[in-house]
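Breakdown of the fold
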Amino acid sequence: MGPRQPNQKAVAAKERKAAHAASKDAAAAKVNAAAEAAEWNKGSNVRSANRAAEAAAKADEAARKKREKADLLAAEEAAGAGAPSKAKKSGTNSKKKDKKKKKNELELLEEALVGNAEKQAKAAKKKERERKEREERMQMERDKLAKQKAALQDPLFAN
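Residues numbered from 1 in each chain as written. Predicted model: local features only at pLDDT ≥ 70, side-chain atom pairs only at ≥ 80, totals over all residues. Heavy atoms only, no water.

The next thing to look at is the overall build of the protein chain. Helices and strands together make up the secondary structure of the protein chain, namely four helices and zero strands. Of the regular secondary structure in the protein chain, the N- to C-terminal order runs α-α-α-α. The buried share among the 159 residues of the protein chain stands at 1%. Approximately 15,700 Å² of the protein chain is accessible, and the part contributed by carbon and sulfur atoms is 57%. (Helix = DSSP H or I, 4+ residues; strand = E, 2+ residues; numbered from the N terminus. Buried < 20%, exposed > 50% of the residue type's maximum accessible area, 1.4 Å probe, protein only. Areas by Shrake-Rupley, 256 points an atom, 1.4 Å probe, with all protein chains shown as cover.)

On to helix α1 (residues 8–41), then. Between its first and last C-alpha, α1 extends 49 Å over 34 residues, near the 50 Å set by a 1.5 Å rise per residue. Looking at where α1 begins, the residue whose side-chain oxygen comes 3.1 Å from the main-chain nitrogen of Lys9 is Asn7. (Expected span 1.5 Å × (residues − 1). Polar contact = N/O pair within 3.5 Å; in protein donor to acceptor, adjacent residues only side chain to side chain.)

On to the pattern of salt bridges, then. A complete count under the given rule lists four salt bridges for this structure. Via salt bridges that share partners, Glu61, Arg64 and Glu68 belong to a single interconnected network. (Salt bridge = Lys/Arg side-chain N within 4 Å of Asp/Glu carboxyl O.)

This is the structure in structure tokens:
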């Protein structure tokens, strides 16, 4: 008789048992890793890091859109034939701004005086608004004190 061979059903059962134990161990390791990560995050500034990452992603997205728009405009300009693009229109507006007539000294002086008068008017309005706000606050404080005194006064002596 040759060497004895193990029972195939017993071997299969042992393999299933080992696979089940391995899956249980993996689940337990996952839970332990999550608990350890939570423990490490206690003193860290996770929200700030997340906000910074979101801001960086947003900036990257904006830069990508800007590049795509520039590429599309360049392709449109390269095509040439077609309706004028917005970029061309803005270029013509900037040329119009450059063609403004230069002001002489009298116009500059007049503009400075008018600007100074406007600044003084704004300052006066601001001062008046602040004065009204201060008066309202003082009136509210007086009313509050009057209510407190009335609350402390004996109701029998009120009349």
